[in-house]
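Observations on the model geometry
The primary structure of each chain is shown beneath.
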Amino acid sequence: MNINKGKVMAKTFTDLVVNIIKNIPRGKVTTYGMIAICAGNPRGARQVAWILHSSSTKYDLPWHRVVNRHGEISFRPSLDFSLQRCLLEEEGVMFDNRGRVDLAENLWWP
DNA sequence: GCATTGACTCTAG
DNA sequence: CCTAGAGCCAATG
């Protein structure tokens, strides 16, 4: 009856973060801090960011739906930067003139 | 096992 | 609004 009898369930912070990000609905965004809190580490926002940029190629994560606390893309402008904004706009997320999204409308909370 | 790094967040000025 | 410093945790070398 135990589905997690062996090694199925994710127990590590990283796996938990990955699981949360994969559950982000389309058209919504969330922050590193939110994910970190849900994963059990309110101070682990950096790890969330690290996981995204480092493991985005390993895991199939919608990294473009993850933004910083200001609702803005964190890393410096690049191809991926434009890609993230494009993907979010495709999902109906509107950006401010300063490149920020309206967290009051688009912030997703598990 | 230690030192460095990182797409963060918070507080203070 | 912007800058500076400190804190926190995990992966990498």
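Here, the structure is the one placed above.
For the structure given in this document, a descriptive report is provided here. (Residues numbered from 1 in each chain as written. Chains lettered and ligands numbered in written order. Predicted model: local features only at pLDDT ≥ 70, side-chain atom pairs only at ≥ 80, totals over all residues. Heavy atoms only, no water.)

1. Concerning the nonpolar core
Phe-13, Val-17, Ile-21, Ile-35, Val-48, Leu-52 and Val-66 are the most contacted members of the largest nonpolar core, which totals 16 residues. When contributions to this core are tallied by element, the ones reaching two or more residues are helix 1 (13-22), helix 2 (32-38) and helix 3 (45-55). Not counting chain neighbours up to four residues away, the residues in contact with Val-17 comprise Ile-35, Ala-39, Val-48 and Ile-51. Among the nonpolar cores identified, the runner-up in size contains eight residues, and Ile-73, Val-93, Phe-95 and Leu-103 belong to it. (Core = buried A, V, L, I, M, F, W, Y, C linked by side-chain atoms within 4.5 Å. Buried < 20%, exposed > 50% of the residue type's maximum accessible area, 1.4 Å probe, protein only. Helix = DSSP H or I, 4+ residues; strand = E, 2+ residues; numbered from the N terminus. Contact = heavy atoms within 4.5 Å.)

2. Thoughts on helix 1
Owing to its 3.6 residues per turn, the α-helix brings residues three or four apart onto one side. Along helix 1, the residues that are buried comprise Phe-13, Val-17, Val-18, Ile-20 and Ile-21. Viewed end-on, helix 1 has its buried residues packed into an arc of 160°, placing them on one side of the element. As for helix 1, its buried residues are in contact with helix 2, helix 3 and strand 2 (66-67). (Arc of directions from axis to C-beta.)

3. A look at the protein's contact with DNA strand C
Within the structure, DNA strand C sits among Phe-13, Thr-14, Arg-43, Arg-46, Gln-47, Trp-50, Lys-58 and Arg-98. In this structure, a phosphate oxygen belonging to DNA strand C sits 2.9 Å away from a side-chain N or O atom of Thr-14. Between Arg-46 and DNA strand C, the recorded distance is 2.8 Å, taken from a side-chain N or O atom to a base nitrogen. Where the surface near DNA strand C is concerned, the elements lending two or more residues are helix 1 and helix 3. If you tally residues by element for the surface near DNA strand C, the top one is helix 3, at three residues. Of the residues belonging to the surface near DNA strand C, the class tally is two nonpolar, two polar and four charged. (Near = heavy atom within 4 Å. Polar contact = N/O pair within 3.5 Å; in protein donor to acceptor, adjacent residues only side chain to side chain. Nonpolar A, V, L, I, M, F, W, Y, C, P; charged D, E, K, R; others polar.)

4. Overview of the side chain of Gln-84
Among the secondary structure elements, Gln-84 is positioned in helix 4 (residues 79-90). The contact partners of Gln-84, leaving out residues within four places of it in the chain, are Trp-63, His-64, Arg-65, Val-66, Val-67, Ile-73 and Phe-75.

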